[in-house]
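Observations on the model geometry
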Amino acid sequence: MKKKIGFINYDNSDEPREESVPEPDYSKIREIILNSYLPVSEASEADELLSQTDILEFVGQFIQTPHGAAVHELLTELGFKTKTFDGKIYWMVKIA
């Protein structure tokens, strides 16, 4: 029986084995985001407010491992802005 703890699997032999996680494909993530969404500077210009989860689910439709940190970093780098409501962060986007 295997137990998953973080990125390390322990099997019955109690020998740790690290899982390999592929590096994020920044160019593919960038392409997916910019083909669907454009950044806006004000909430009034936004077509939608998307949570990080919403965006990861969207990107995850096109690539196997969307890498939350990579998506967050690229959105920031591309000029997307956020608004916080009830302690939750939302990305302001315009539909491309």
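Reading guide: rules and limits
- Residues numbered from 1 in each chain as written.
- Predicted model: local features only at pLDDT ≥ 70, side-chain atom pairs only at ≥ 80, totals over all residues.
- Heavy atoms only, no water.
- Core = buried A, V, L, I, M, F, W, Y, C linked by side-chain atoms within 4.5 Å.
- Buried < 20%, exposed > 50% of the residue type's maximum accessible area, 1.4 Å probe, protein only.
- Helix = DSSP H or I, 4+ residues; strand = E, 2+ residues; numbered from the N terminus.
- Contact = heavy atoms within 4.5 Å.
- pLDDT = per-residue confidence, 0-100.

The next thing to look at is the nonpolar core. By size, the foremost hydrophobic cluster in this structure holds 17 residues, and its most contacted members are Ile29, Ile33, Ile55, Val59, Leu75 and Phe80. Only α1 (26-36), α2 (52-60), α3 (68-77) and β7 (88-95) provide two or more residues apiece to this core. Ranked by residues supplied to this core, first place goes to α3 with four residues. For Leu75, the contacting residues outside a window of four places in its chain are Ile33, Ile55, Phe80 and Trp91.

Another aspect to go through is the environment of Phe85. Summarising the element assignment, Phe85 is placed in strand β6 (residues 81-85). Non-local contacts of Phe85, meaning those with residues more than four positions away in its chain, are made with Leu49 and Tyr90.

We now examine the confidence of the model for the protein. The predicted model of the protein has a mean per-residue pLDDT of 84, with 78% of residues at 70 or higher. For the protein, strand β1 (residues 3-5) is the element with the lowest average pLDDT, namely 43, and strand β4 (residues 37-39) is the one with the highest, namely 97. Overall, residues 1-9 carries pLDDT values under 50, and its contacts beyond four positions in sequence, including any with other chains, amount to 23 contacts.

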